[in-house]
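For reference, the chains in residue letters:
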Amino acid sequence: MKRHKLVIIGSGPAGYTAAIYAARANLKPVLFEGFMSGPAGGQLMTTTEVENYPGFPEGIIGPELMAHFRGQAERFGTTIFTEDVESVDLSKRPFLVQGSSTKCEAEAVIIATGATAKRLDIDGAREGEFWQKGVTACAVCDGAAPIFRNKPLFVIGGGDSAVEEAIFLTKYASQVYIVHRRNEFRASKIMADRAMKHPKIEVLWDSAIEKISGDQIVRKVLVKHLKSGKAEEREAGGVFFAIGHQPNTGFLNGQLPLDGAGYIKVKPGSTYTNIPGVFAAGDVQDHVYRQAVTAAGSGCMAALDAERWLSSEGID
Ligand code: NAP
């Protein structure tokens, strides 16, 4: 089995940035970019225009930005495996990393597996019901599908994702409803204003979808007004969850301490976890900022932390 100085798990802005820095520091990093677990490149792969990543005054399409990250990581000699990591053994060094087909040892590990969109357990939204048959958690990935064309579509949530996805869906829908459990948005004012002004978007405040029904595809939703308790059935072509994300830590099998929301705990101001030689970067350890640029920044920090730690251990 091959032993590497540094294995990076995850391929969003954090993972690729860690790889760029580590490769330039001659650590010859190996990066598992994922496969079945989600698109390599992370959440930006399912985004359209990214307008707030510095250096791109006209904006850049998410997948294009990630292709640049990946290309830069490869240019400096990162070895990339298009595989999921199924498990790790962090109980002793060298650590063991088990990919879908590659198994290797690592002197140090950077975890940058990001977070996945959350879903709600609503009647009709489960696997075997209408999940992926009109119910999804990614408007940008699925919204252009023919089943959603010229239909009323429902987005659940009140954050920037919900608003962004609602605006995106107006391209295809006859009408977009944002169903939010409170009477004010969590989304930034600029995004919220854009949605409120859009002629095709209506916000259903203090509301929740209680049931999704249909035949082969979604046809109706039951929307409940949470304050009055009144429920109303509405015609629907699709339901999109936009209620935040769950950090991807399942493969760790409890080997690292997580905070109450499931994010990996790191020593404040660093990427050190409580296991020497194991570092965490990006959304898997950040419940506060969760931006591409902050993820990239923490990927850089993780590579520098790992490089210094390896050197302090005499592994150069
Ligand atoms: P978020 O800010 O955590 O918002 C999640 C929304 O879902 C909240 O409105 C929340 O309601 C609602 N929600 C959560 N659990 C729910 C439940 N069980 N039932 C019903 N509603 C529920 O998540 P996000 O919108 O995905 O954004 C995450 C981060 O990414 C934020 O920092 C955001 O600014 C950023 N982001 C930025 C952009 C952009 O700049 N273009 C785009 C997308 C995301 P409450 O408000 O009542 O808690």
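Residues numbered from 1 in each chain as written. Predicted model: local features only at pLDDT ≥ 70, side-chain atom pairs only at ≥ 80, totals over all residues. Heavy atoms only, no water.

Trainee: Whenever I open this one, the site of the ligand confuses me. Can you help?
Mentor: In the neighbourhood of the ligand, 19 residues make up the surrounding shell, with Asp160, Ser161, Arg181, Arg182 and Arg186 lying closest. A distance of 2.9 Å separates an oxygen atom of the ligand from a polar atom in the backbone of Gly158. Side-chain polar atom of Arg181 to an oxygen atom of the ligand: 2.9 Å apart, as the coordinates give it. Coverage of the ligand by the protein chains reaches 77% of its 920 Å² of free accessible surface. Among the elements that line the shell around the ligand, the one with the most residues is helix 4 (residues 160–169), at three residues. A class-by-class count of the residues in the shell around the ligand yields four nonpolar, nine polar and six charged. Domain assignment of the residues forming the shell around the ligand places at least three in each of domain 1 (3–116 + 245–312) and domain 2 (119–241). (Near = heavy atom within 4 Å. Polar contact = N/O pair within 3.5 Å; in protein donor to acceptor, adjacent residues only side chain to side chain. Areas by Shrake-Rupley, 256 points an atom, 1.4 Å probe, with all protein chains shown as cover. Helix = DSSP H or I, 4+ residues; strand = E, 2+ residues; numbered from the N terminus. Nonpolar A, V, L, I, M, F, W, Y, C, P; charged D, E, K, R; others polar. Domains from an automatic or database assignment.)

Trainee: Before we go on, may I ask you to explain helix 6 (residues 292–312) in this structure?
Mentor: Since the α-helix packs 3.6 residues into each turn, any two residues three or four apart lie on the same face. A rise of 1.5 Å per residue sets the reference length of helix 6, with its 21 residues, at 30 Å; its end C-alpha atoms lie 30 Å apart and thus fit the reference within 8%. Among the residues of helix 6, those classed as buried are Ala292, Ala295, Ala296, Ser298, Gly299, Cys300, Ala302, Ala303, Asp305, Ala306, Trp309 and Leu310. Where the residues of helix 6 are buried, they touch strand 1 (3–9), helix 1 (13–24), helix 2 (62–75), strand 8 (103–111) and strand 19 (278–280). With its phi angle positive at about 80°, Gly314 sits one or two positions after the end of helix 6. (Expected span 1.5 Å × (residues − 1). Buried < 20%, exposed > 50% of the residue type's maximum accessible area, 1.4 Å probe, protein only. Contact = heavy atoms within 4.5 Å.)

Trainee: In this structure, what is going on with the pattern of salt bridges? I would like to understand it.
Mentor: As a working rule, side chains carrying opposite charge can pair if their charged atoms are close by. Within the structure shown, the criterion is met by 15 salt bridges. Between Glu33 and Arg70 there is a salt bridge, and its shortest N-O distance comes to 2.9 Å. One end of the pair, Glu33, is in the loop between strand 2 (30–32) and strand 3 (49–50); the other, Arg70, is in helix 2, with 37 residues separating them in the sequence. Among the residues examined, Glu33 registers a relative accessible area of 6% and is labelled buried. Judged by its relative accessible area of 25%, Arg70 is partly exposed. A salt bridge links Glu129 to Arg126, with the nearest nitrogen and oxygen atoms 3.7 Å apart. The partly exposed category is assigned to Arg126, whose relative accessible area is 30%. Connected via shared salt-bridge partners are Asp121, Asp123, Arg126 and Glu129. (Salt bridge = Lys/Arg side-chain N within 4 Å of Asp/Glu carboxyl O.)

Trainee: For this particular structure, what's the right way to read the packing of aromatic side chains?
Mentor: The geometry of an aromatic ring pair is captured by the separation of the ring centres together with the interplanar angle, meaning the angle of the planes. Applying the stated criterion to the full structure yields nine aromatic pairs. Their ring planes at 70° and their centres at 5.8 Å tell us that Tyr53 and Phe69 sit as a pair that is edge-to-face. Of this pair, Tyr53 sits in the loop between strand 3 and strand 4 (60–61) while Phe69 sits in helix 2; the two residues are 16 residues apart in sequence, bridging distant segments of the chain. Per residue, the accessibility class of Tyr53 equals that of Phe69, and both read buried. Among the aromatic residues, those joined into a ring-pair cluster are Tyr53, Phe56 and Phe69. Of note, Lys267 hangs over the ring of Tyr272, and the distance from its end group to the ring centre comes to 5.2 Å. (Phe/Tyr/Trp six-rings, centres within 6.5 Å; stacked < 30°, edge-to-face > 60°. Lys NZ or Arg CZ within 6 Å of the ring centre and 35° of its normal.)

Trainee: What am I meant to see in the packing of helix 1 against helix 2 here?
Mentor: How two helices pack is summed up by the angle between their axes together with the distance between the axes. With their axes 8 Å apart at the nearest point, helix 1 and helix 2 run at an angle of 25° to one another. Taken together, helix 1 and helix 2 sit at an angle that is classed as roughly parallel. As for the relative orientation of helix 1 and helix 2, their crossing is left-handed in sense. Together, Pro13, Tyr16, Thr17, Ala19 and Ile20 of helix 1 and Met66, Phe69, Arg70, Gln72 and Ala73 of helix 2 make up the contact between the two elements. (Axes fitted to C-alpha atoms, helices over the stretch in contact; angles between N-to-C directions. Parallel < 35°, antiparallel > 145°, perpendicular 65-115°, else oblique. Left-handed = near helix turned anticlockwise from the far one by under 90°.)

Trainee: Would you mind showing me how to read unusual backbone geometry here?
Mentor: For the peptide bond that leads from Arg93 to Pro94, omega is -5°, which places it in the cis range. For Pro94, the position within the fold is in the loop between strand 6 (85–89) and strand 7 (95–99). For Asn26, which is not a glycine, the phi torsion comes out positive at approximately 65°. Relative to the assigned elements, Asn26 resides in the loop between helix 1 and strand 2. What makes Asn26 exposed here is its relative accessible area of 56%. Although it is not a glycine, Asn253 sits at a positive phi angle of roughly 50°. One can find Asn253 in the loop between strand 18 (245–247) and strand 19.

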